[in-house]
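# Understanding the architecture of this molecule
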Amino acid sequence: MRNTPGIRKRAATASAVVVGAAVVVGAMGTFGFADPLPDGLGPCKGSHCPVVPYPDPNNGSLAGRDNNINVFVGGDFLVRQAAAEAEGKVVVLGKFDQHKATGVSQVYNVGVAGVGSRVPPDNGTDFLTTGQDVVVAAGQRLLAEEGSVFGVVRHGGTLTGTVRPRTVHDPDAAAPYARLKPNLAAASHCYAYVDGKPRHATGTARNNGNETLFTGDGKSPLQVFNVDFDLTGPSGRAQGFLFTGIPAGATVLVNLTGDVREINTYMGMLPAALRDRLLWNFPDAETVRLRGSGQFSGSVLVGNGDSTTTVTLPGLNGRFFTVGSLVHTSVVGGGGGQEIHAYPFNGDLPGCRGEEPTPTPPTPEPPTPTPDPPTPEPPTPEPPTPTPEPPTPSPTDSEGTNTGGASGGNDGGSDSGGHGSDGGGELPDTGTPSGTTMVIGGIAVTLVAAGGATLAVTRKPKGLRRLRKGH
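Small disclaimer: the values here were computed from a predicted structure and weren't measured.

### Quick look at the sheet that holds strand E15 (residues 159-160)
With parallel pairing, the eight strands of this open sheet are ordered in space as E15-E10-E7-E4-E33-E30-E27-E25. Where the open sheet ends on each side, the last strands, each with one partner, are E15 and strand E25 (260-265). With five bridges joining them, strand E4 (residues 77-81) and strand E7 (residues 96-100) adopt parallel strand pairing. For Phe77, the partnering residue across the bridge sits in E7 and is Phe96.

### Some remarks on the nonpolar core
Phe77, Phe243, Val254, Trp280 and Leu290 are the most contacted members of the largest nonpolar core, which totals 53 residues. Beyond its immediate sequence surroundings of up to four residues, Val254 is in contact with Phe214, Phe225, Val227, Phe243, Leu278, Leu279, Trp280 and Asn281. Membership of the second largest hydrophobic core comes to 23 residues, among which are Tyr177, Tyr191, Leu222 and Leu349.

### Concerning the pairing of strand E9 (residues 126-130)
In terms of burial, E9 is largely enclosed, as five of its five residues are buried. When strand E6 (residues 89-92) meets E9, the two strands line up parallel, connected through three bridges. Within the sheet, the bridge partner assigned to Val91 lies in E9 and is Thr129.

### Some remarks on the pairing of E7
Within E7, four of the five residues are buried, leaving the element largely enclosed by the surrounding structure. When E7 meets strand E10 (residues 134-136), the two strands line up parallel, connected through three bridges. Considered in E10, the bridge of Asp97 is made with Val135.

### Here's the deal with the state of the cysteines
In the structure shown here, the tally under the stated rule is two disulfides. Each sulfur in the disulfide pair Cys190 and Cys352 lies 1.9 Å from the other. What sets the handedness of the Cys190 and Cys352 disulfide is the S-S torsion sign, and at about -85° it is left-handed. With Cys190 in helix H1 (residues 180-192) and Cys352 in the loop between strand E34 (339-341) and strand E35 (396-399), this pair connects stretches of sequence that are 162 residues apart. Accessibility classification places Cys190 together with Cys352 in one group, the buried group.

### Let's talk about the packing of aromatic side chains
The full count for this structure, using the stated rule, is 11 aromatic pairs. Considering the side-chain rings of Phe241 and Phe296, the 6.3 Å spacing of their centres and the 85° angle between planes classify their relative orientation as edge-to-face. Of this pair, Phe241 sits in strand E23 (residues 240-244) while Phe296 sits in strand E28 (residues 295-297); the two residues are 55 residues apart in sequence, bridging distant segments of the chain. Here Phe296 falls in the buried class, since its relative accessible area comes to 1%. Grouped by ring-pair contacts, the aromatic residues Phe214, Phe225, Phe241, Phe243, Trp280 and Phe296 constitute a single cluster.

### What to know about unusual backbone geometry
Geometrically, the link from Arg164 to Pro165 is a cis peptide bond, its omega value of 5° lying close to zero. Assignment of secondary structure puts Pro165 in the loop between strand E16 (162-164) and strand E17 (166-169). Phi at Asp39 is positive, roughly 60°, even though this residue is not glycine. Examined against the element boundaries, Asp39 turns out to sit in the loop between strand E2 (19-24) and strand E3 (69-73). Despite not being glycine, Ser235 shows a phi value in the positive range, around 60°.

### Observations concerning the pattern of salt bridges
Two side chains of opposite charge can pair, provided their charged atoms sit close to one another. Under the definition given, this model contains 14 salt bridges. Here Asp66 and Arg319 are joined by a salt bridge, their closest N and O atoms 2.8 Å apart. Separated by 253 residues along the polypeptide, Asp66 in the loop between E2 and E3 and Arg319 in the loop between strand E31 (315-317) and strand E32 (320-322) bring together distant segments of the chain. Take Asp66 and Arg319: they sit in the same class, and that class is buried. For Glu262, the salt bridge goes to Arg289, with nearest N and O atoms at 2.7 Å. Of the two residues, Glu262 sits in strand E25 while Arg289 sits in strand E27 (residues 287-292), which places them 27 residues apart along the sequence. Look at Glu262 and you get buried, because its relative accessible area is 8%.

### What about H1?
Here H1 contains 13 residues, and its C-alpha end-to-end distance of 18 Å stays within 8% of the 18 Å for a straight helix at 1.5 Å per residue. Within H1, burial applies to Leu180, Asn183, Leu184, Ala186, Ala187, Ser188, Cys190, Tyr191 and Ala192.

### Digging into the sheet that holds E34
Sheet architecture is open: seven strands sit in the order E16-E11-E8-E5-E34-E31-E28, paired in parallel fashion. Of all the strands in the sheet, the pair left with one neighbour each is E16 and E28. The sheet shows a mean angle of 15° between the axes of neighbouring strands, direction not considered. In this sheet, E16 lies alongside strand E11 (residues 141-143) in parallel orientation, the contact comprising three bridges. When the sheet's bridge partners are listed, Leu142 is paired in E16 with Val163.

### Here's the deal with the confidence of the model for the protein chain
Summary statistics for the protein chain give a mean pLDDT of 78 and a share of 68% for residues scoring 70 or more. Within the model, pLDDT remains below 50 along residues 1-33, and this stretch shows 105 contacts once partners closer than five positions in the same chain are excluded. Note that residues 354-363 has pLDDT below 50 and, in this model, 28 contacts with residues that lie over four places away or in other chains.

Rules used in this analysis
Each residue is numbered by its place in its chain's sequence as written, counting from 1. In keeping with the model being predicted, local features are shown solely for residues with a pLDDT of at least 70 and side-chain atom pairs are shown and tallied solely at 80 or more, while totals for entire chains, interfaces and linings include all residues. Note that water and hydrogens are dropped before the side-chain values are worked out from all heavy atoms of the structure. Two strands qualify as a pair provided that DSSP identifies no fewer than 2 bridges between them. Put simply, DSSP marks the helices as runs of H or I at least four residues long and the strands as runs of E at least two long, and each gets a number from the N terminus on. Grouping buried Ala, Val, Leu, Ile, Met, Phe, Trp, Tyr and Cys residues that are joined through side-chain atoms within 4.5 Å yields what is termed a nonpolar core. Classification of residues uses two cut-offs on accessible area relative to the type maximum, computed with a 1.4 Å probe and protein chains only: under 20% is buried, over 50% is exposed, and between them is partly exposed. Here, residues are in contact when the closest pair of their heavy atoms is within 4.5 Å. We call a pair of cysteine sulfur atoms a disulfide when they lie within 2.5 Å. Aromatic rings from Phe, Tyr and Trp, with only the six-membered ring used for Trp, were paired whenever their centres fell within 6.5 Å, and each pair was classed as stacked if the ring planes differed by under 30 degrees, edge-to-face if by over 60, and tilted otherwise. Criterion for a salt bridge: a side-chain nitrogen of Lys or Arg within 4 Å of a carboxyl oxygen of Asp or Glu. Here the expected span of a helix is defined as 1.5 Å times the quantity of residues minus one. Each axis is a line fitted through C-alpha atoms, taken for helices only over the stretch in contact, and angles between the N-to-C directions span 0 to 180 degrees. pLDDT measures the predictor's confidence residue by residue and takes values from 0 up to 100.

The following block contains the structure:
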């Protein structure tokens, strides 16, 4: 995919409601009052992390490298319909099962995305790790490469289908990450409950129909909102969010409690100062649905091991950690190109060490090769066959196409069919439904000065065009 400057254009609907976020202008304070996520999860990891903040989703040169986990799935990871990409390092304790619809791009990318933050892991490291099987349906491809960027798919079970550029069969592939499942479950519960009661909220959340208003107290370094309702408009329609009263450098924790929870939004990207310190926590839900037409910002934590989270949003921008299973899919009859983009979580959360079942040393990582120079690397139209080799593993090592066994698997409750075009080349279609734009810019920001005065700045949303290789 070539570097295409000026990829944004104005949204077709001038009346689209855009995001509001209260952000204090000035130096961002750092509060050391609490803990990060368990096991070192959240921040960028490695020697080539980008200068903060990460860029908004784009198809330009690489902005840096990040070896921390961006997507963790304690159960199974199912790719359905016309979903396109999961950027960053992906760890799945169960199986990875790709069974996309016919008539759409038959490619799914892991590690590197054609459009995203453009912060993949280091070359030669594990882009996808699974504890069980990797299943790719006949005629489809799972790619851990784009241009000069390439990684490894390390799988604990059998391999069925076509995976490129390199695979490693390792029965113990996911063993270093097994403790993340109970640790994240305990943390999710701790963030939402104290001694069996809801954690004290510092602010209020009110669903006004077309938007949910989050009003902070303007002073607490940890802003806590307890939400026992869906973030949807009337009759389940999409809505926006408005955050106000959030002080500089504060972490925002939104606890969405209940057995079934849904977010349906058209929201564009939140400001990086809020996005990178915002955690959406689902401690109880067995069913989580994240849908709409927007670019959802902030990291997600789902703490129920029996849960299934279904993501049909065009973009999910932040860490995604679930103790249960994930279905990455698209709406039947809608557009494809659903993507998970790699963005860090840099917030400070309630101290839960006493509730974690095991100590929390830094996130484990298999040995990595010497990292690439920090010089940005523009993507090239056709990925060459990689010649560098990561450290020789003891398990079985395979190159290129891998085929064997029977494909298929659980559909995770997702629908069959779908709509979209075959993106061609090495990257699937990215972005939103054909002929439309996805909301990605467009921010109504409240600037809170030190003296308490406020200034509202509003602009129309902008979007990304659907991008195909060579266009």
